[in-house]
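Analysis of the macromolecular model
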Number of protein chains: 2
Amino acid sequence: MKNLSKTQWTPKVVTALLLAAILFNLGIARNDYFNTDNLNPKIKMETTEKKKKKANETAKINGFALGDIVGTVEAIQANPDIAKFQFRVQNKWINGGHNRSWIKDFYGGGQEDDSRKRPFVYDNSEPPILLGNNEGANPVEYILHGLAGCMTTTLALHAAANEIYLESVESKLEGDLDVQGFLGLNDQIRNGYQNIRITFQIKGDLSEDDKEKLASFVKKSPVFDIVTNQVPVQVDLQYKNLQHALDGIKGTLLHDFG
Amino acid sequence: MKNLSKTQWTPKVVTALLLAAILFNLGIARNDYFNTDNLNPKIKMETTEKKKKKANETAKINGFALGDIVGTVEAIQANPDIAKFQFRVQNKWINGGHNRSWIKDFYGGGQEDDSRKRPFVYDNSEPPILLGNNEGANPVEYILHGLAGCMTTTLALHAAANEIYLESVESKLEGDLDVQGFLGLNDQIRNGYQNIRITFQIKGDLSEDDKEKLASFVKKSPVFDIVTNQVPVQVDLQYKNLQHALDGIKGTLLHDFG
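No experiment lies behind these values; they were computed from the predicted model shown. (Residues numbered from 1 in each chain as written. Chains lettered and ligands numbered in written order. Predicted model: local features only at pLDDT ≥ 70, side-chain atom pairs only at ≥ 80, totals over all residues. Heavy atoms only, no water.)

1. A closer look at the packing of aromatic side chains
Using the criterion set out here, one finds 12 aromatic pairs over all chains in the structure. Ring geometry for Phe85(A) against Phe106(A): centres 6.1 Å apart, planes inclined by 20°, an arrangement best described as stacked. In this pair, Phe85(A) is assigned in strand β3 (residues 84–95) and Phe106(A) in strand β5 (residues 106–108), connecting sequence segments 21 residues apart. Phe106(A) matches Phe85(A) in its accessibility class, with the two residues each being buried. Relative to Tyr122(B), the ring of Tyr122(A) has its centre 6.0 Å away and its plane inclined at 85°; by these criteria the two rings are edge-to-face. Taken together, the residues Tyr122(A) in strand β7 (residues 120–124) and Tyr122(B) in strand β7 (residues 120–124) connect one chain to another. Note on Tyr122(A): relative accessible area 9%, which makes it buried. Members of the aromatic cluster, joined through ring pairs, are Phe120(A), Tyr122(A), Tyr142(A), Phe120(B), Tyr122(B) and Tyr142(B). (Phe/Tyr/Trp six-rings, centres within 6.5 Å; stacked < 30°, edge-to-face > 60°. Helix = DSSP H or I, 4+ residues; strand = E, 2+ residues; numbered from the N terminus. Buried < 20%, exposed > 50% of the residue type's maximum accessible area, 1.4 Å probe, protein only.)

2. What about helix α4 (residues 66–78) of chain B?
In a regular helix each residue adds 1.5 Å, so 13 residues correspond to 18 Å; α4(B) covers 18 Å between its end C-alpha atoms and thus fits that length. Listed as buried for α4(B) are Leu66(B), Gly67(B), Ile69(B), Val70(B), Val73(B) and Ile76(B). (Expected span 1.5 Å × (residues − 1).)

3. Quick notes on the nonpolar core
If you look at the biggest cluster of nonpolar residues, it comprises 107 residues, and the most contacted ones within it are Leu166(A), Leu214(A), Leu166(B) and Leu214(B). In this structure Leu166(A) touches Asn62(A), Leu155(A), Ala156(A), Ala159(A), Ile202(A), Lys203(A), Leu206(A), Leu214(A) and Trp93(B), once residues within four positions along its chain are discounted. (Core = buried A, V, L, I, M, F, W, Y, C linked by side-chain atoms within 4.5 Å. Contact = heavy atoms within 4.5 Å.)

4. Describing the domain arrangement of chain A
Residue and element names in this part refer to chain A. Domain parsing of chain A yields domain 1 (62–137) and domain 2 (139–258). A C-alpha centroid distance of 12 Å is found between domain 1 and domain 2. Between domain 1 and domain 2, the contact holds 11 residues from the first and 14 residues from the second. Taking both sides of the interface into account, the surface hidden between domain 1 and domain 2 amounts to around 1000 Å²; carbon and sulfur atoms contribute 64%. Of all residues in domain 1, Asn62, Phe64 and Ala137 give up the largest surface area on contact with domain 2, accounting jointly for 52% of the area buried on that side. Here domain 1 and domain 2 share zero salt bridges between them. At the boundary of domain 1 and domain 2, one finds four residue pairs in polar contact (both at pLDDT 80 or more). When contributions to the side of domain 1 that touches domain 2 are tallied by element, the ones reaching two or more residues are α4 (66–78) and β7. The biggest single contributor to the side of domain 1 that touches domain 2 is β7, with three residues. Its residues placed into classes, the side of domain 1 that touches domain 2 shows six nonpolar, three polar and two charged. (Domains from an automatic or database assignment. Buried area = accessible area lost by both parts, 1.4 Å probe. Salt bridge = Lys/Arg side-chain N within 4 Å of Asp/Glu carboxyl O. Polar contact = N/O pair within 3.5 Å; in protein donor to acceptor, adjacent residues only side chain to side chain. Nonpolar A, V, L, I, M, F, W, Y, C, P; charged D, E, K, R; others polar.)

See the structure below:
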């Protein structure tokens, strides 16, 4: 299995892979249009390296510019600290099972990111059978959404880095959850998903070797790791005792609390 | 710690709790407006039980109708099979790190749910530094959103069931992720979050006992369980080999694949 590791991502290797892919797609290599046995590919590539490299940088595979992937990997190899990200969410309870998150800033690449001018706003809610009014998907459905999206992006990115072109990717997810656990009605039943099943439908011109790689790529997904393994979560609850504050200056504080 | 278990949720107990809460909120019990020492609460409640029960059913605590919570718990105790839910998501890759989920149907309460007339549609994307164009939050941010929402809903529901009134709940979440893991650049670094921190700001008239309960309630969240523990995930990849199909009837198939 090929990883995006140091030795595989030198410009020369990328150039060689791209050249092979281009030749293959033009039907040249495939159709033995001309015999390349007598050519020394290394010498040939060195003479045209700059030109090819420039072409590679703008080439897109699965929607990813190969130059961007290579640039990211090289930058991280030069300074691993820029690989450290901190993602953030702010959430506010609205009522009952309805609450809202704001997602905007994060830290990554050695700095605070300012690429988002407005926050993404998403509502968690519940359907009537779970005592809500369907103002949004519920939190465990959002987990399936994040899992699907992360595995799909991971698949497309690692496929691009390995010169595997994908035509389409669709997925269906099912998660089994018995609410007896969450409601405290049965100690033998866990609170979260007991099981999740994911089926991907992938279209493309894929060899058996490609298929094996794709099966390994989806499991590199960060959310797949989060869901299938344990993540330490520190919870801190801070309180403001409303009643004491209200004893004195009720009107003013209610405004502040609104 | 009080769970929503069978012995605690008889109508009588609910009635007693509600009555106490109503008296307390009216300032009667608190201000010793009248001395209840000589009353037998049990006899009093039995004579007015029907009336009070009806009032309880429409009473809302933290946005939840107590009658709905009790009704749900009693229904599950009578038939545990209705506690089994299956949530579902469909996702389609758009391009690069951009994909879209549709969330609508689910199974629960012994039947297919049809309360949602249209699907919820959410986009996963990535910021430019992660090779995307910010068409939506990224998948690991959605995980923090689901975690915040689930812990908040769990808090509000269990607080309601325990007669703890909340004024407001806000949370901030941070998740640490080093993309060297995901990119295969360092085997010692995991692919998902290394650590998540959540801080809740809770306002209400809360006793020390209430606060201890709330700290336990947030950890009953299904998503908290999913993130902090392991969930088995079965992955099935199904392929359609585009090239072979295209050899014969390219035009027709391209339409089908679009």
